[in-house]
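Here's the letter readout for the chains.
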Amino acid sequence: MQSWNTLLLQGPVDGKLLLWAEVQPRLTRDASRLGQVIARGALGVRLQNDVDLHAGYHFQHNNPAPGISSDEHRLWQQISAPVIRKPGGFALITRWRLEQRMFEGADDTGWRLRVLWRVQQPLKGPRSAGPLAWAETFVALNSTDWGAREGLDQQRAFVGWLQPLSPRLNLEAGYLYQHINRRGPNAGNHILNLTLNRRLG
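Residues numbered from 1 in each chain as written. Predicted model: local features only at pLDDT ≥ 70, side-chain atom pairs only at ≥ 80, totals over all residues. Heavy atoms only, no water.

Focus: the pairing of strand β4 (residues 52–65)
Then, in step 1: Across 11 bridges, the pairing between strand β3 (residues 33–46) and β4 is antiparallel. Its bridge partner lying in β4, V45 is registered against L53.
Then, in step 2: The antiparallel hairpin formed by β3 and β4 contains five residues in its connecting segment, where N49 sits at a positive phi of about 60 degrees.
Then, in step 3: In the sheet, β4 pairs with strand β5 (residues 68–85) via 12 bridges, with the strands oriented antiparallel. Across the sheet, the residue bridging to F59 is H73, located in β5.
Then, in step 4: The hairpin formed by β4 and β5 contains two residues between the paired strands, and G67 there has a positive phi angle of roughly 85 degrees. (Pairing = 2+ DSSP bridges. Helix = DSSP H or I, 4+ residues; strand = E, 2+ residues; numbered from the N terminus.)

Shown next, in the form of structure tokens:
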């Protein structure tokens, strides 16, 4: 059992210019210790039909057990776009993210593709509360000296609730299952996932 907690600030800051700023502390080992801390930032541009392009940097400190730690640096690029958007607020959104992963003390750069599909259904019109679900597939595009294996890396599936707290502030809360494909027995994590999302525009 884990608890992943995200503070996200994102949206347009000047015309079509976009900002993405995210901090994510993750509590592991039955949510009893701080096992990971992620900081992610990017700049982007909004194209026609709400197609967003971002490019940025990701830092991650891993501390799975006392005395065991590692630091990871990533460059990342992504495109996100609505596939279906209904007047009543129903939306199907996709996001494709490419990462270049580098660990301190290792030589290889790992390339990974992440593909996310997100469905949300406001119950009382656009920007109202309602159920939310998403699924994300991670595919490693190469093997590395720090342990990445080419092929399916992990799969995540989330079901929960989107609750507006103000016109530009949303809380997303629910259950996330993470399946990790690794050597030997695969790992499965049960996660309480909380995201506080502040939209800029």
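Examining the side chain of R112
Then, in step 1: Within the secondary structure layout, R112 lies in strand β7 (residues 109–120).
Then, in step 2: Polar contacts involving the side chain of R112 include one to the side chain of D153, which spans 2.9 Å.
Then, in step 3: In this structure R112 touches R74, R97, L98, E99, R101, F138, V139, A140, L141, D153 and Q154, once residues within four positions along its chain are discounted. (Polar contact = N/O pair within 3.5 Å; in protein donor to acceptor, adjacent residues only side chain to side chain. Contact = heavy atoms within 4.5 Å.)

Structural notes on the environment of A148
Then, in step 1: Its location among the elements puts A148 in the loop between β8 (130–140) and β9 (151–166).
Then, in step 2: The spacing of A148 and R112 is 36 residues in sequence and 9.4 Å in space, taken between C-alpha atoms.
Then, in step 3: When near neighbours in sequence (up to four residues on either side) are disregarded, A148 contacts N142 and S143.

Examining a nonpolar patch on the surface
Then, in step 1: A cluster of nonpolar side chains, contributed by V45, L47, L53, I79, V83, I84, W96 and W117, occupies part of the molecular surface with about 650 Å² of accessible area.
Then, in step 2: A total of three residues in the nonpolar patch trace back to one element, the largest contributor, which is β5. (Patch = residues over 30% accessible without salt bridge, like charges linked within 9 Å, V, L, I, M, F, W, Y side chains within 5 Å. Areas by Shrake-Rupley, 256 points an atom, 1.4 Å probe, with all protein chains shown as cover. Salt bridge = Lys/Arg side-chain N within 4 Å of Asp/Glu carboxyl O.)

Thoughts on the nonpolar core
Then, in step 1: Counting residues in each nonpolar core, the largest one holds eight residues, listed as W4, L116, L132, W134, F158, L162, L176 and I191.
Then, in step 2: Excluding anything up to four places from it in sequence, W4 contacts Q24, P25, R26, R156, L176, Q178, I191, L192, N193 and L194. (Core = buried A, V, L, I, M, F, W, Y, C linked by side-chain atoms within 4.5 Å. Buried < 20%, exposed > 50% of the residue type's maximum accessible area, 1.4 Å probe, protein only.)

A few points about unusual backbone geometry
Then, in step 1: The backbone phi angle of A31 is positive, close to 60 degrees, even though this residue is not glycine.
Then, in step 2: Looking at the secondary structure, you find A31 in the loop between β2 (17–28) and β3.
Then, in step 3: For A31, a relative accessible area of 33% puts it in the partly exposed group.
Then, in step 4: Unlike most non-glycine residues, D50 shows phi in positive territory, near 60 degrees.
Then, in step 5: Relative to the helices and strands, D50 resides in the loop between β3 and β4.
Then, in step 6: When its relative accessible area of 35% is taken as the criterion, D50 is described as partly exposed.

Description of the pairing of β3
Then, in step 1: Pairing of β2 with β3, which is carried by 12 bridges, proceeds in the antiparallel orientation. Following the sheet pairing, L27 is matched in β3 by L34.
Then, in step 2: If you look at the hairpin formed by β2 and β3, you'll find four residues sitting between the two strands, and R29 has a positive phi there, around 50 degrees.

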